[in-house]
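Overview (structure and organization)
Residue-level listing of the chains:
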Amino acid sequence: ATLLVSCDDCPGLVAALSQALYGQGANLLHADQHTDSGAGKFFQRIRFDDPELAGPDRAGAESRLQATIRAVSARYGMKWQLHFEEKPKRVAIFVSKTNHCLYDLLLRHQAGELRCEIPLIVSNHPDQAEVAEQFGIPYHVLPITPDTRVEQEAQQRALLADEAVDLVVLARYMQVLSGDFLDRFARPVINIHHSFLPAFSGGRPYHQAYERGVKLIGATAHYATRDLDEGPIIAQDAIRASHRHSVADLVRKGRDVERTTLSRAVRCHLENRVLVHANKTVVFE
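Residues numbered from 1 in each chain as written. Predicted model: local features only at pLDDT ≥ 70, side-chain atom pairs only at ≥ 80, totals over all residues. Heavy atoms only, no water.

Another point: helix H3 (residues 100-110). Because the α-helix completes a turn every 3.6 residues, residues three or four places apart line up on one side. Among all positions of H3, only His-100, Cys-101, Leu-102, Asp-104, Leu-105, Leu-106 and Arg-108 are buried. Looking at the buried side of H3, the elements it contacts are strand S5 (89-95), strand S6 (116-123), helix H4 (129-134), strand S8 (167-170), strand S9 (189-193) and helix H8 (247-270). Gly-112 sits one or two residues past H3 and shows a positive phi near 90 degrees. (Buried < 20%, exposed > 50% of the residue type's maximum accessible area, 1.4 Å probe, protein only. Helix = DSSP H or I, 4+ residues; strand = E, 2+ residues; numbered from the N terminus. Contact = heavy atoms within 4.5 Å.)

Next up on the list: the pattern of salt bridges. For side chains of opposite charge, pairing can occur when their charged atoms come near one another. Inspection of the entire model under this criterion finds 17 salt bridges. For Arg-90, the salt bridge goes to Glu-163, with nearest N and O atoms at 2.9 Å. Of this pair, Arg-90 sits in strand S5 while Glu-163 sits in the loop between helix H5 (149-162) and S8, placing them 73 residues apart in sequence. Relative accessible area serves as the criterion here: at 29%, Glu-163 is assigned to the partly exposed category. Arg-252 serves as the salt-bridge partner of Asp-249, at 3.5 Å between the closest nitrogen and oxygen. (Salt bridge = Lys/Arg side-chain N within 4 Å of Asp/Glu carboxyl O.)

This part takes up the pairing of S5. The buried fraction of S5 is high, at 6 of 7 residues. Relative to S6, S5 runs parallel, the two sharing 6 bridges. Looking across to S6, one finds that Lys-89 is bridged to Cys-116. Handedness of the β-α-β unit built from S5, H3 and S6 comes out right-handed. (Pairing = 2+ DSSP bridges. Right-handed = clockwise from strand over helix to strand, strands pointing away.)

Moving on to the sheet that holds strand S11 (residues 233-240). The strand order S7-S6-S5-S8-S9-S10-S11 describes an open sheet built from 7 strands, whose pairing is mixed. The outermost strands of the open sheet, each flanked by one partner alone, are strand S7 (139-141) and S11. Averaged over all adjacent pairs, the angle separating strand axes in this sheet is 20 degrees, with direction ignored. Pairing analysis gives 4 bridges linking S5 to S8, with the strands arranged parallel. Following the sheet pairing, Ala-92 is matched in S8 by Val-168. Of the strands in this sheet, S5, S6, S8, S9, strand S10 (216-223) and S11 are in contact with H8, which crosses S11 at around 155 degrees. (Axes fitted to C-alpha atoms, helices over the stretch in contact; angles between N-to-C directions.)

Turning our eyes to something else, we now look at the sheet that holds strand S1 (residues 2-8). Overall, antiparallel pairing links the 4 strands, which are arranged S2-S3-S1-S4 in an open sheet. A single partner strand is all that each edge strand has here, and the edge strands are strand S2 (27-36) and strand S4 (79-83). Mean inter-strand twist for the sheet, computed between neighbouring axes without regard to direction, equals 10 degrees. Here S1 runs beside strand S3 (residues 41-49); their pairing, made up of 7 bridges, is antiparallel.

Written as structure tokens, this is what we have:
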């Protein structure tokens, strides 16, 4: 299991959590913590084994473990998340016409780099149906227009609910999810934006970069929020550009950065390495 906690910083936090888990019979495999001195906040990620979770009374062991953590959290005012590794997260991928991010995620999943289940792919275009068929994943086409957006988003949410989806990944899905969708889905959504945010937010960022004559272009993977391209950033990367590069060159070069940045962010989320605080993230290595 993996435990993620955050709270106001004070002495004794690491000892309190370690002793509580030790008293539960858990074996700590890895622990990492970060203190934001400016904000006075403490963050920690602990990965551990609890032999009782593999025993005949799994439900009882889980309940006792949660009660132990709840007691410590009440003492220190902690926010906490407990994730069990035996249950992989279920991920839906949203995509439009371009497939480089989609292919990268599916290949990494097939190779075992992304530990999750992918029960469906959703698109507003039929273009990637063959890719989905190649990997044996159901593909749902829900075209979006201003007149159909509300109805189609309702169908999308229904599909996600039917498949018990824990995470949506926007793999160059060229539609803005409405605030209503995000509120009703109420689970994380990871987006890849093809620029080094906060530079060149919104549409056609490579064209904006070309007009500005930048010497670096990049990609940003972030959690989607009601504020377009302003959600908490999980991962970023950049690549050099020059005056010799056309817009087409920037698009070509940017694809490599987009796919690796998105997959890194998704892997961090699946491995429960990300804590969000004040529209920023703590990403544990």
